[in-house]
Amino acid sequence: MYQRDTEMLFPMRVAPTLRSLRGPTWRRLVDRATRAAEGSIDQLAFCLMMIRLASCLTCHTDSYRAMRGCTQCAAQAVRRFRGDDSELVVLFERARTEVALHLESGTPRKQEACRPGFEVIHEP
(Lines give C-alpha, C1' and ligand atoms only; values in the text may rest on other atoms or scores of the structure.)
Protein backbone atom coordinates (compact mmCIF):
# COMPACT_ATOMS: atom_id res chain seq x y z
CA MET A 1 0.00 0.00 0.00
CA TYR A 2 1.41 3.38 -1.01
CA GLN A 3 0.58 6.51 0.98
CA ARG A 4 1.05 9.72 -1.02
CA ASP A 5 1.36 11.78 2.16
CA THR A 6 4.40 9.88 3.47
CA GLU A 7 7.90 11.26 3.04
CA MET A 8 11.29 10.38 4.51
CA LEU A 9 11.39 13.36 6.90
CA PHE A 10 8.92 16.00 8.02
CA PRO A 11 7.77 17.95 4.95
CA MET A 12 7.30 21.69 5.42
CA ARG A 13 4.09 21.51 3.35
CA VAL A 14 2.43 19.95 6.43
CA ALA A 15 3.23 22.89 8.76
CA PRO A 16 0.14 25.02 7.92
CA THR A 17 -2.14 22.11 8.88
CA LEU A 18 -0.64 22.14 12.38
CA ARG A 19 -1.39 25.81 13.06
CA SER A 20 -4.75 25.37 14.81
CA LEU A 21 -3.72 22.48 17.06
CA ARG A 22 -2.46 24.57 19.96
CA GLY A 23 -2.60 28.11 21.38
CA PRO A 24 -1.55 31.52 20.08
CA THR A 25 2.16 31.05 20.84
CA TRP A 26 2.22 27.90 18.70
CA ARG A 27 0.25 29.64 15.92
CA ARG A 28 2.82 32.46 15.85
CA LEU A 29 5.64 29.91 15.61
CA VAL A 30 3.95 28.08 12.72
CA ASP A 31 3.27 31.41 10.99
CA ARG A 32 6.92 32.42 11.41
CA ALA A 33 8.13 29.18 9.85
CA THR A 34 5.62 29.09 7.01
CA ARG A 35 6.17 32.73 6.07
CA ALA A 36 9.95 32.35 6.01
CA ALA A 37 11.70 31.85 2.70
CA GLU A 38 12.06 28.29 1.48
CA GLY A 39 15.24 26.77 2.87
CA SER A 40 15.64 29.53 5.46
CA ILE A 41 17.04 28.84 8.91
CA ASP A 42 13.53 29.19 10.38
CA GLN A 43 12.10 26.56 8.05
CA LEU A 44 15.03 24.22 8.55
CA ALA A 45 14.78 24.62 12.33
CA PHE A 46 11.03 24.01 12.30
CA CYS A 47 11.57 20.84 10.26
CA LEU A 48 14.32 19.65 12.61
CA MET A 49 12.10 20.30 15.63
CA MET A 50 9.22 18.37 14.04
CA ILE A 51 11.52 15.52 12.94
CA ARG A 52 12.52 15.10 16.57
CA LEU A 53 9.01 15.60 17.96
CA ALA A 54 7.42 13.09 15.57
CA SER A 55 10.41 10.70 15.63
CA CYS A 56 10.66 10.73 11.83
CA LEU A 57 14.02 8.93 11.90
CA THR A 58 12.38 5.79 13.28
CA CYS A 59 9.51 5.76 10.77
CA HIS A 60 9.61 2.96 8.20
CA THR A 61 7.53 2.38 5.08
CA ASP A 62 5.63 -0.50 6.66
CA SER A 63 5.02 1.25 10.00
CA TYR A 64 1.63 2.40 11.19
CA ARG A 65 2.83 6.02 11.16
CA ALA A 66 3.95 5.81 7.53
CA MET A 67 0.67 4.23 6.49
CA ARG A 68 -1.24 7.11 8.09
CA GLY A 69 0.94 9.75 6.45
CA CYS A 70 3.03 12.70 7.59
CA THR A 71 0.10 15.07 8.11
CA GLN A 72 -1.69 12.85 10.60
CA CYS A 73 1.53 11.76 12.29
CA ALA A 74 2.74 15.34 12.79
CA ALA A 75 -0.68 16.45 14.07
CA GLN A 76 -0.69 13.62 16.58
CA ALA A 77 2.85 14.46 17.73
CA VAL A 78 1.92 18.13 18.27
CA ARG A 79 -1.30 17.23 20.10
CA ARG A 80 0.49 14.72 22.34
CA PHE A 81 3.30 17.07 23.33
CA ARG A 82 2.90 17.35 27.10
CA GLY A 83 4.61 20.69 27.56
CA ASP A 84 3.11 24.08 26.93
CA ASP A 85 3.56 26.13 23.78
CA SER A 86 6.49 28.08 25.21
CA GLU A 87 8.39 24.79 25.55
CA LEU A 88 7.85 24.16 21.84
CA VAL A 89 9.31 27.60 21.14
CA VAL A 90 12.36 26.66 23.22
CA LEU A 91 12.74 23.45 21.18
CA PHE A 92 12.47 25.51 18.00
CA GLU A 93 15.09 28.03 19.17
CA ARG A 94 17.47 25.21 20.12
CA ALA A 95 17.00 23.64 16.69
CA ARG A 96 17.52 27.04 15.07
CA THR A 97 20.81 27.54 16.92
CA GLU A 98 21.91 24.05 15.92
CA VAL A 99 21.07 24.65 12.25
CA ALA A 100 22.82 28.03 12.25
CA LEU A 101 25.98 26.55 13.78
CA HIS A 102 25.95 23.75 11.26
CA LEU A 103 25.52 26.13 8.33
CA GLU A 104 28.30 28.40 9.63
CA SER A 105 30.70 25.48 9.95
CA GLY A 106 30.31 24.60 6.27
CA THR A 107 31.15 20.95 6.84
CA PRO A 108 28.96 17.94 7.56
CA ARG A 109 29.27 16.71 11.12
CA LYS A 110 29.11 13.04 10.18
CA GLN A 111 31.19 12.63 7.07
CA GLU A 112 31.01 8.84 7.38
CA ALA A 113 27.34 9.08 6.38
CA CYS A 114 28.48 10.15 2.88
CA ARG A 115 30.43 7.02 2.05
CA PRO A 116 31.25 6.33 -1.61
CA GLY A 117 29.20 3.63 -3.25
CA PHE A 118 25.83 5.01 -2.22
CA GLU A 119 23.80 6.69 -4.90
CA VAL A 120 21.19 9.32 -4.13
CA ILE A 121 18.12 8.81 -6.27
CA HIS A 122 15.95 11.84 -6.94
CA GLU A 123 12.37 11.18 -7.95
CA PRO A 124 10.27 13.84 -9.66
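Because the structure is predicted, anything quoted here is derived from the model rather than measured.

Rules of the game
Residues numbered from 1 in each chain as written. Predicted model: local features only at pLDDT ≥ 70, side-chain atom pairs only at ≥ 80, totals over all residues. Heavy atoms only, no water. Helix = DSSP H or I, 4+ residues; strand = E, 2+ residues; numbered from the N terminus. Buried < 20%, exposed > 50% of the residue type's maximum accessible area, 1.4 Å probe, protein only. Contact = heavy atoms within 4.5 Å. Polar contact = N/O pair within 3.5 Å; in protein donor to acceptor, adjacent residues only side chain to side chain. Salt bridge = Lys/Arg side-chain N within 4 Å of Asp/Glu carboxyl O. Axes fitted to C-alpha atoms, helices over the stretch in contact; angles between N-to-C directions. Parallel < 35°, antiparallel > 145°, perpendicular 65-115°, else oblique. Left-handed = near helix turned anticlockwise from the far one by under 90°. Nonpolar A, V, L, I, M, F, W, Y, C, P; charged D, E, K, R; others polar. Phe/Tyr/Trp six-rings, centres within 6.5 Å; stacked < 30°, edge-to-face > 60°.

1. Examining the environment of threonine 34
Okay, step 1: Along the chain, the position of threonine 34 falls in helix α2 (residues 24-35).
Okay, step 2: For threonine 34, a relative accessible area of 30% puts it in the partly exposed group.
Okay, step 3: As for threonine 34 and alanine 15, which are separated by 19 residues in sequence, their C-alpha atoms are 6.9 Å apart.
Okay, step 4: Apart from the residues lying within four places of it in its own chain, the contact partners of threonine 34 are Met12, Ala15, Pro16 and Gln43.
Okay, step 5: Side-chain polar atoms of threonine 34 contact the backbone oxygen of aspartate 31, separated by 3.3 Å.

2. Side note on the pattern of salt bridges
Okay, step 1: Applying the stated criterion across every chain, the model contains six salt bridges.
Okay, step 2: When the shortest N-O distance is used, the salt bridge between aspartate 42 and arginine 32 registers 3.1 Å. In this pair, aspartate 42 sits in helix α3 (residues 41-53) while arginine 32 sits in helix α2, placing the two residues 10 residues apart along the sequence.
Okay, step 3: Residues joined by salt bridges that share partners form a network here, namely Arg32, Asp42, Glu93 and Arg96.

3. Side note on the environment of glutamine 76
Okay, step 1: You can see glutamine 76 is positioned in helix α5 (residues 70-80).
Okay, step 2: With 11 residues separating them along the chain, glutamine 76 and arginine 65 place their C-alpha atoms 10.0 Å apart.

4. Things to note about the packing of α2 against helix α6 (residues 85-105)
Okay, step 1: Contact geometry of α2 with α6 gives a least axis separation of 8 Å together with a crossing angle of 25 degrees. The pairing of α2 with α6 is recorded here as roughly parallel in orientation. For the crossing formed where α2 meets α6, the hand is left-handed. Of the residues in α6, those touching α2 at Pro24, Thr25, Trp26, Leu29 and Arg32 are Asp85, Ser86, Leu88, Val89, Phe92, Glu93 and Arg96.
Okay, step 2: Per-class residue counts for the contact of α2 with α6 are six nonpolar, two polar and four charged.

5. A word on the packing of aromatic side chains
Okay, step 1: A complete count under the given rule lists two aromatic pairs for this structure.
Okay, step 2: In textbook terms, an aromatic cluster arises when at least three aromatic residues are bridged by ring pairs, as seen for Phe10, Trp26 and Phe46.

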